[in-house]
Amino acid sequence: MAASDGRSKGGAPLIQLRKVIKTYGEGATAFQALKGIDLDISAGDFVAVMGPSGSGKSTTMNILGCLDVPSGGEFRFKGVHVEKLGRDQRALLRRKYLGFVFQGFNLLARTSALENVELPLLYRGDPKKERREAAMAALDKVGLKDWWDHTPGELSGGQQQRVAIARAIVTNPDVLLADEPTGNLDSERSVEIMELLTDLNKTSNITVLMVTHEPDMAAFARTIIHFKDGLVERIEANHHQGEVVTQ
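Residues numbered from 1 in each chain as written. Predicted model: local features only at pLDDT ≥ 70, side-chain atom pairs only at ≥ 80, totals over all residues. Heavy atoms only, no water.

Q: Looking at this structure, how should I read the overall build of the protein chain?
A: Helix and strand counts for the protein chain stand at seven helices and eleven strands. Judged by the C-alpha coordinates and their principal axes, the protein chain covers about 50 × 40 × 40 Å. By residue count, 49% of the 247 residues in the protein chain fall in the buried class. If you sum the accessible surface of the protein chain, you get close to 12000 Å²; carbon and sulfur atoms cover 48% of it. Here the protein chain contributes 30 positive and 32 negative side-chain charges, whose respective centroids are spaced 7 Å apart. (Helix = DSSP H or I, 4+ residues; strand = E, 2+ residues; numbered from the N terminus. Buried < 20%, exposed > 50% of the residue type's maximum accessible area, 1.4 Å probe, protein only. Areas by Shrake-Rupley, 256 points an atom, 1.4 Å probe, with all protein chains shown as cover. Lys, Arg positive; Asp, Glu negative; His and termini not counted. Charge placed at Lys NZ, Arg CZ, Asp CG, Glu CD.)

Q: I would appreciate a short explanation of helix α1 (residues 57-64) in the present structure.
A: Helical geometry note: an α-helix holds 3.6 residues per turn, so side chains three or four residues apart project in the same direction. Across the eight residues that make up α1, a large majority, six, are buried. When we look at burial in α1, the residues that qualify are K57, T59, T60, M61, I63 and L64.

Q: Explain the packing of helix α3 (residues 113-124) against helix α5 (residues 157-169) to me, please; I cannot follow it from the model alone.
A: Axes are the key here: two packed helices are described by the angle between their axes and the distance separating the axes. The N-to-C vectors of α3 and α5 enclose an angle of 30°; their axes lie 7 Å apart at closest approach. Relative to α5, α3 is oriented roughly parallel. Considering only the axes of α3 and α5, their crossing is right-handed. Seen from α3, the contacting residues are A113, N116, V117 and P120; seen from α5, they are V163, A166 and R167. For the contact of α3 with α5, the class distribution of residues is five nonpolar, one polar and one charged. (Axes fitted to C-alpha atoms, helices over the stretch in contact; angles between N-to-C directions. Parallel < 35°, antiparallel > 145°, perpendicular 65-115°, else oblique. Left-handed = near helix turned anticlockwise from the far one by under 90°. Contact = heavy atoms within 4.5 Å. Nonpolar A, V, L, I, M, F, W, Y, C, P; charged D, E, K, R; others polar.)

Q: Just checking my understanding: could you explain the sheet that holds strand β1 (residues 15-24) for this structure?
A: Hydrogen bonds along the backbone pair up the strands of a sheet, which may run parallel or antiparallel. Spatially, the four strands line up as an open sheet ordered β2-β1-β4-β5, and their pairing is antiparallel. Either end of the sheet is taken by a strand with one partner, and the two such strands are β2 (31-41) and β5 (80-81). The sheet contact formed by strand β4 (residues 72-77) and β5 spans two bridges and is antiparallel. Pairing of R76 across the sheet is with H81, part of β5. Contacting β1, β2 and β4, α1 crosses the sheet at an angle of about 120° to β1. (Pairing = 2+ DSSP bridges.)

That is the geometry; function is a separate question.
See below:
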C-alpha cells in the first residue's frame, strides 16, 4: 500500500514496511499486535495515523521511531534494513534522522525554552555556541524567539508544545513523529499547532507522521492511514482542504 505517489531520492519510498508483525509474550499468552503490515511512506508526506485503542497504530509508530523492533518482516528506512540493526545503531538513526513530539510536551520544568531546545544537541556533543545558534533558529521557526529565556511554567500550553516542536526539529530531522500533539490543547491552540506542523512540512520538507484520535486534526494531513485489529484497514488521500477521498 502506498501512502503517497511521491518518492524519496533514488526512487524508493523513505519508509517501507513489508509483512511486519509484532508479537508480545509467548505461548498461550502471546498477543499479536501487528499481523503483517505493508506500508510505504514517501519523503515529504504528512501522514495522520488513526485507529481505536489496540488497533496497532502505536506499535507501528514505535517501530517507525526505532523505539521497538518487529518480531518479523522488514522495516527499511532510506533503504537500510532497520530490523537488522542493533540497539546502538538504532539509537544513532534516531538521533540523526528522527524528531519526536509528545502529547505531554516533556519539557524540563526549571529550564528555559532555549535550554530545552538545546538538549538533543547537548546529548550529541555539539559545541555550546553552535547549540545556542541552532536552538535560537529553531525557536524562531516556531515563533518563540522572544520567549527563549522563559521556563515552561511561564508559557501557555500551546507555547510549550511549540518549544517541544522546536526541540524536535533542532537537529534537522528527516522525519517528525508526533504522538497526539494536540491532545492537551484547546481547539484554538490545536489548530495553531497543526498549522505550524503543516508549515514545517511544506517549507522544511520534513516528513510528518502523527498519531491522532481527532478527525479535525487528521484533516490537516495529506495522507490518513486507518488501523484496525493489527492491520492497515484503509488509506485515504486528503487532496485539498479536508476533502478526503478513499484510495
